[in-house]
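Chain residues, written in single-letter form:
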Amino acid sequence: MLNFILLGLLVVSLLAISGCVDKTAEQAVEPAENVQTYVIGTEPYFPPFEYADENSSSTIIGFDVDLINAIAEDQGFKVQWKDLEFDALIPALQSGQVDIIASGMTITAEREEAVDFSEPYINAGLALAVAAGNEEIKSVDDLKGKVAAVQMGSTGSQEADKLKAEGKIGEIIYLAHVNDIILNIQNGRADFTINDLPVTQAFMSQNPGVIKIVDDEITSDSYGFAVKSGNTELLTMLNQGLANVKEDGTYDQIMAKYF
Ligand code: ARG
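Bear in mind that the values here come from a model prediction, so they are computed numbers and not experimental data.

1. Structural notes on the overall build of the protein
In terms of regular secondary structure, the protein is built from 9 helices and 15 strands. Counting all 259 residues of the protein, 42% fall into the buried class. The contacts in the protein between residues at least 6 apart in sequence include a share of 73% that link residues at least 24 apart. For the protein, the accessible area works out to roughly 13600 Å², and carbon and sulfur atoms hold 52% of it.

Here it is in structure tokens:
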């Protein structure tokens, strides 16, 4: 009987010890293994928000990149960037190919139906730009019969669609990247573009004398990071991280770096 009790005690204490050992082992590896990596979708030809580093074309830099990296550091997750066309970003988010969109994406009511947006992280409305030598187009009222070049799936293209439906412009050329838009204006195939003001301004300061802005306030909008509808856990992390990096001055540093 005594032997039996002793054996029982031995088994119980061995179990307890092995339990402890397991737990310690688990805790030791936990921090490294539990760091989540989120895939960030972006169309990286959109300076100053996301673009290739001229010293290493496979590295994406920009305002969005620095801001997401700062938020990731604050919230303790890792990121991996995925390069997609702009109009492929929302489908990629919906199908789970990417976890977050960080691509200078404007918060719109229509997109809100397909994705969930973070708090706005910067203001960026649409501007009307023409070739630097164009003396004909001075405002939206001078666009009748004129050809637009816009980025596929962008709010600039939606604005052009709207103007076209109202009969206020001629044709629309939809292009994948902003540099294609500029080329089309340079070679005279398009007369104007409607694109995000800070992006047009950044292009102008890098390449003076190519295009000029004739209306810098077609709309006033804000950018947000997007997550899959209902992913409140990730959305909360993005919003909390954004609030923290604003609070601790990191946001202002990134702003000063790019603007
Ligand atoms: N802000 C505009 C939009 O949301 C254009 C964004 C384009 N972004 C990019 N990375 N190409 O439609």
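Here the narrative resumes, following the displayed structure.
2. Observations concerning the pattern of salt bridges
According to the stated counting rule, one finds 5 salt bridges in the structure shown. The salt bridge involving Lys168 is made with Glu166; its shortest N-O contact spans 3.1 Å. The class for Lys168 is partly exposed, based on a relative accessible area of 41%. Given a relative accessible area of 43%, Glu166 falls into the partly exposed group.

3. Brief notes about the packing of aromatic side chains
If you walk through the whole model with that rule in mind, you get 10 aromatic pairs. Ring centres of Phe63 and Tyr121 lie 6.3 Å apart, and the angle between their planes is 20 degrees; this geometry places the pair in the stacked category. Here Tyr121 lies in the loop between β7 (115–117) and β8 (122–123) and Phe63 lies in helix α2 (residues 63–75), a separation of 58 residues in the sequence. A ring pair is formed by Phe63 and Tyr251, whose centres lie 5.9 Å apart and whose planes are at 85 degrees; its orientation type is edge-to-face. Here Tyr251 lies in helix α9 (residues 250–258) and Phe63 lies in helix α2, a separation of 188 residues in the sequence. Three or more aromatic residues joined by ring pairs form one cluster here, namely Phe46, Phe49, Phe63, Tyr121, Tyr223, Phe225, Tyr251 and Phe259. Across from the ring centre of Tyr251, 5.1 Å away, lies the NZ or CZ of Lys246, which sits over that ring.

4. Some remarks on the sheet that holds strand β2 (residues 45–46)
Strands sit in the order β2-β3-β4 across an open sheet of 3 strands; the sheet is antiparallel. Each edge of the sheet is formed by a strand with only one pairing partner; in this case those strands are β2 and β4 (56–61).

5. Some remarks on the site of the ligand
Neighbouring the ligand are 14 residues; Glu43, Thr106, Arg111, Thr155 and Asp196 lie closest to it. Here Ser103 contributes a backbone N or O atom positioned 2.8 Å from a nitrogen atom of the ligand. With respect to the ligand, the side chain of Asp196 contributes an N or O atom lying 2.5 Å from a nitrogen atom. Protein contact buries 100% of the 350 Å² of open area that the ligand shows by itself. In this structure, the ligand is accommodated by the largest cavity. Here the shell around the ligand is built from residues that sort into 4 nonpolar, 6 polar and 4 charged.

Cut-off values and rules
- Residues numbered from 1 in each chain as written.
- Predicted model: local features only at pLDDT ≥ 70, side-chain atom pairs only at ≥ 80, totals over all residues.
- Heavy atoms only, no water.
- Helix = DSSP H or I, 4+ residues; strand = E, 2+ residues; numbered from the N terminus.
- Buried < 20%, exposed > 50% of the residue type's maximum accessible area, 1.4 Å probe, protein only.
- Contact = heavy atoms within 4.5 Å.
- Areas by Shrake-Rupley, 256 points an atom, 1.4 Å probe, with all protein chains shown as cover.
- Salt bridge = Lys/Arg side-chain N within 4 Å of Asp/Glu carboxyl O.
- Phe/Tyr/Trp six-rings, centres within 6.5 Å; stacked < 30°, edge-to-face > 60°.
- Lys NZ or Arg CZ within 6 Å of the ring centre and 35° of its normal.
- Pairing = 2+ DSSP bridges.
- Near = heavy atom within 4 Å.
- Polar contact = N/O pair within 3.5 Å; in protein donor to acceptor, adjacent residues only side chain to side chain.
- 1 Å grid on protein atoms, 1.4 Å probe; cavity = no way out; pocket = protein on both sides within 12 Å on 5 of 7 lines; lining within 4 Å.
- Sits in = over half its atoms within 2 Å of the grid points.
- Nonpolar A, V, L, I, M, F, W, Y, C, P; charged D, E, K, R; others polar.

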